[in-house]
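Each chain, letter by letter, is given below.
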Amino acid sequence: MLIPFKLTAHSNSSAEKSMGYVLPENQTGQYYQMKKYQCNICGFIYDELLGDPAHGIAAGTRWEDIPESWSCPECGVNKADFEMVEI
Amino acid sequence: MSQPIVIVGSGLAGYAVARELRRLTTDKAVVMITADHGGFYSKPMLSNALSTGKTPESIINGDAEKMAAQLDITIHSHTRVEAVDTSNQSIELSNGERLSYSALVMAIGADQVRLPLQGSGVSKILTINDVDDYKYFRDVLADKKRVAIIGAGLIGCEFANDLSATGYQVDVIDISPQPLGRLLPPEAGAYLQKKLEAVGVNFHFNMTVESVDQSDTMMQLKLTNGEKVDTDIVLSSVGLTPRINLAKKAGLLVNRGIVVNQLLQTSDENIFALGDCAEVEGKVLPFVMPITHAARALAATLAGKPTPVVYPAMPVLVKTPACPTVVAPPESGHAGEWRVESNGEGVKAVFQNNSGNLLGFALLGQATAMKNELATKLPPILN
Ligand SMILES: Cc1cc2nc3c(=O)[nH]c(=O)nc-3n(C[C@H](O)[C@H](O)[C@H](O)COP(=O)(O)OP(=O)(O)OC[C@H]3O[C@@H](n4cnc5c(N)ncnc54)[C@H](O)[C@@H]3O)c2cc1C
Ligand SMILES: [Zn+2]
């Protein structure tokens, strides 16, 4: 069930985080469930909610919006070596 | 002032320890000593770099200077550790210097096994186990068309797929009757073979190489059945052997690898090992995922909280796009049998003991979709 909270991509309250929902950029009122992607090689998990701020990817950045030049912060492989995982 | 933590090696294992340590503490001095350039790169990307359009240079994510700044560590590249003096807790470097350590981490990797072969071309046989080897290979490959690969294991099959998908003529020779002989039951091996043959790989199974000769224009392999394979480059990928000499010379316990307990601790309490060089509780696992787990545990231990490493099941993805494959081999010595289901779209092979417990699997083609579901049913590798 998607609950219409007023959340933003950069919010960090833990309640909001645990909900895993943020408003999409266009604010059309549709809610987006944050996803996680796992590196097939080393097991690192990219969580859209947390992003990868150490490498310039802000919290809340969706997988599709990560540049192709980004690589796994733990083992260095390409974006293509990740797959979506269930939460 | 206390002595630094010294990490030997700048592969994925050395960097993983440095990074995990920095997550836990910023006030311990860390020095990394490495025989190579010291850049951080993904070794697994070497075996699909042609298909993904990568050059050896573009595979390196950060050079030693950038990494040292990012992790707030000191890196001495192109420097070998020649000896370890365990009683004085110091190491001797190839530049003649000595360095004391509070804790020493050996992350020195493995060597490619070299088969004892005959012929005038033996010294020209290449192996690829790091980005420098790979750079040399790509330079040699530039004006060539044919590559012969000795060994149809993980690395051999991945390079075979990458080369043949990008237009090279590829021959693969292996002593076993199928590709990935140690990881796949026969039906699964046959499926992978068929898929790789469909992209042009030419297999020579049940065969060893008798000699490798070099002429002005080409190289030639003579196989045990008398068959001759003409080629331009010979790549050997018949297995890895952990680098144990440094540890052995220092009097540390070694076996197949540098022997460590679940704390990744060698027979000397201040010296640790992980990655391709280490034998953790009897297991040598030359893959990335074990490194991730080991580095996390070791960093905690080095930061003051002794933490044994735990390995969950760790399926390995084989990077053969012609036939997507995931393997979780059963531990050797475990009794059980393979059950194989296949259709035109893939193969699902599960290894079960006689109580029906899942101990390993191999998934090919569409069956790889079952990876996560099956992985949760596997026993942990070390707990
Ligand atoms: C082509 C290829 C593809 C692969 N694909 C996969 C894959 O898809 N999935 C997977 O899980 N695994 C894969 N692997 C295996 C994986 O890459 C390795 O397990 C991992 O990279 C090993 O890291 P390491 O740090 O232990 O060793 P290494 O990367 O070998 O690092 C050893 C380091 O120690 C240094 N060193 C050695 N001796 C000394 C000394 N005396 N003094 C100073 N420095 C020293 C070396 O210079 C180097 O920096 C692949 C391997 C290869 C070769
Ligand atoms: Zn990774």
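Residues numbered from 1 in each chain as written. Chains lettered and ligands numbered in written order. Predicted model: local features only at pLDDT ≥ 70, side-chain atom pairs only at ≥ 80, totals over all residues. Heavy atoms only, no water.

Chain B carries the name Rubredoxin-NAD+ reductase in an unreviewed UniProt entry, which gives Nitrosomonas marina as its organism. Annotation of chain B in UniProt includes, under Cofactor (unreviewed entry), the sentence "FAD". Chain B has a UniProt comment under Subcellular location (unreviewed entry) that states "Cytoplasm". (UniProt positions renumbered as here; feature names shortened; annotations may be inferred.)

Under an unreviewed UniProt entry, the name given to chain A is Rubredoxin, and the source organism is Nitrosomonas marina. What the UniProt record of chain A gives under Sequence similarities (unreviewed entry) is the line "Belongs to the rubredoxin family."

Enquirer: Please clarify how the overall build of chain A should be interpreted in this entry.
Expert: Regarding its fold elements, chain A presents 1 helix and 5 strands. Moving toward the C terminus, one meets the helices and strands of chain A in the order α-β-β-β-β-β. A burial count over chain A gives 46% of its 87 residues as buried. Summed over its atoms, the accessible surface of chain A is roughly 4800 Å², and 53% of this surface lies on carbon and sulfur atoms. (Helix = DSSP H or I, 4+ residues; strand = E, 2+ residues; numbered from the N terminus. Buried < 20%, exposed > 50% of the residue type's maximum accessible area, 1.4 Å probe, protein only. Areas by Shrake-Rupley, 256 points an atom, 1.4 Å probe, with all protein chains shown as cover.)

Enquirer: Hey, could you run me through the coordination of the zinc ion (ligand 2) in this one?
Expert: Six octahedral donors around a metal ideally sit at 90 or 180 degrees from one another, while four tetrahedral donors ideally sit at 109.5 degrees. Residue and element names in this part refer to chain A. The zinc ion (ligand 2) binds to the protein through C39 (SG), C42 (SG), C72 (SG) and C75 (SG); the donor distances cover 2.3 to 2.4 Å. One can describe the donor arrangement at the zinc ion (ligand 2) as tetrahedral, given that its 4 donor atoms subtend angles of 104 to 117 degrees at the metal. Every donor residue of the zinc ion (ligand 2) comes from the same chain, spaced as C-x2-C-x29-C-x2-C. A relative accessible area of 1% places C39 in the buried class. (Donors = N, O, S within 2.8 Å, 3.2 Å for Na, K, Ca; no water. Tetrahedral: all angles 85-135°; square planar, octahedral: opposite > 155°, others 65-115°.)

Enquirer: What exactly am I supposed to notice about the site of ligand 1 here?
Expert: Contacts to ligand 1 come from 33 residues, most closely from D36(B), V81(B), D276(B), V288(B) and K319(B). Ligand 1 sits at the junction of chains A and B, each of which supplies nearby residues. K43(B) has a polar side-chain atom sitting 3.2 Å from an oxygen atom of ligand 1. In the environment of ligand 1, a nitrogen atom lies 3.5 Å from a nitrogen or oxygen atom belonging to the side chain of R80(B). Coverage of ligand 1 by the protein chains reaches 94% of its 1000 Å² of free accessible surface. (Near = heavy atom within 4 Å. Polar contact = N/O pair within 3.5 Å; in protein donor to acceptor, adjacent residues only side chain to side chain.)

Enquirer: So what exactly am I meant to see when it comes to the packing of helix 1 (residues 12-24) of chain B against helix 3 (residues 64-71) of chain B here?
Expert: Helices that pack against each other are described as a pair by the angle of their axes relative to one another and the distance between those axes. Residues and elements named next belong to chain B. With their axes 10 Å apart at the nearest point, helix 1 and helix 3 run at an angle of 25 degrees to one another. As the angle between them shows, helix 1 and helix 3 are arranged roughly parallel. Here helix 1 contributes Y15, A18, R19 and R22 to the contact with helix 3, which in turn contributes A64, M67 and L71. Across the contact of helix 1 with helix 3, the residue classes break down as 5 nonpolar, no polar and 2 charged. (Axes fitted to C-alpha atoms, helices over the stretch in contact; angles between N-to-C directions. Parallel < 35°, antiparallel > 145°, perpendicular 65-115°, else oblique. Contact = heavy atoms within 4.5 Å. Nonpolar A, V, L, I, M, F, W, Y, C, P; charged D, E, K, R; others polar.)

Enquirer: I'm lost on the packing of helix 1 of chain B against helix 8 (residues 288-302) of chain B in this one. Help?
Expert: All names here are of chain B. Running from N to C, helix 1 and helix 8 cross one another at 40 degrees; their axes reach a closest spacing of 8 Å. What the angle tells us is that helix 1 and helix 8 run oblique. With respect to the hand of their crossing, helix 1 and helix 8 are arranged in right-handed fashion. On helix 8, the residues that touch L12, A13, A16, V17, E20, L21 and L24 of helix 1 are V288, I291, A295, R296, L298, A299, A300 and L302. Its residues placed into classes, the contact of helix 1 with helix 8 shows 13 nonpolar, no polar and 2 charged. (Left-handed = near helix turned anticlockwise from the far one by under 90°.)

Enquirer: Would you take a moment to explain the interface of chain A and chain B for this structure?
Expert: Often, the extent of an interface is quoted as the loss of accessible area upon association of its parts. On the chain B side, the residues contacting the 14 residues of chain A number 20 residues. In total, chain A and chain B occlude about 1400 Å² of area from one another, counting both sides; carbon and sulfur atoms represent 46% of this. Three residues, N40(A), I41(A) and E74(A), lead the burial of chain A against chain B; their summed loss comes to 39% of the area buried on that side. The tally of links from chain A across to chain B stands at 3 salt bridges. The shortest N-O distance in the salt bridge between R296(B) and E74(A) comes to 3.0 Å. Counting the contacts that link chain A with chain B gives 9 residue pairs in polar contact (both at pLDDT 80 or more). (Buried area = accessible area lost by both parts, 1.4 Å probe. Salt bridge = Lys/Arg side-chain N within 4 Å of Asp/Glu carboxyl O.)

Enquirer: How do you make sense of the confidence of the model for chain A when you look at a structure like this?
Expert: In low-pLDDT regions, the fine details of the predicted coordinates are not to be read closely. All names here are of chain A. Residues of chain A with pLDDT of at least 70 account for 63%, and the chain-wide mean is 75. The secondary structure element of chain A with the lowest average pLDDT is helix 1 (residues 14-19), at 48, and the one with the highest is strand 4 (residues 45-47), at 93. For residues 1-18, every residue scores under 50 in pLDDT, and the model assigns this stretch 26 contacts once sequence neighbours within four places are set aside. (pLDDT = per-residue confidence, 0-100.)

Enquirer: What exactly am I supposed to notice about helix 4 (residues 131-141) of chain B here?
Expert: An α-helix turns once per 3.6 residues; consequently, residues spaced three or four apart project the same way. Residue and element names in this part refer to chain B. Turning to helix 4, its buried residues number three or more, namely V131, Y134, F137 and L141. Buried residues along helix 4 cover an arc of 110 degrees about the axis, so they all sit on one side. Buried-residue contacts for helix 4 involve strand 3 (40-41), helix 2 (56-59), strand 4 (60-62), strand 11 (146-150), helix 5 (154-165) and strand 17 (233-236). Regarding helix 4, its N-cap is D130, as a side-chain oxygen of that residue lies 3.1 Å from the backbone nitrogen of D132 further along. (Arc of directions from axis to C-beta.)

Enquirer: How should the side chain of T320(B) be read in this particular structure?
Expert: Residues and elements named next belong to chain B. You can see T320 is positioned in the loop between strand 22 (316-318) and strand 23 (325-328). Note on T320: relative accessible area 1%, which makes it buried. With residues near it in sequence (within four places) discarded, T320 still touches C157, E158, N161, L192, L196 and T325.

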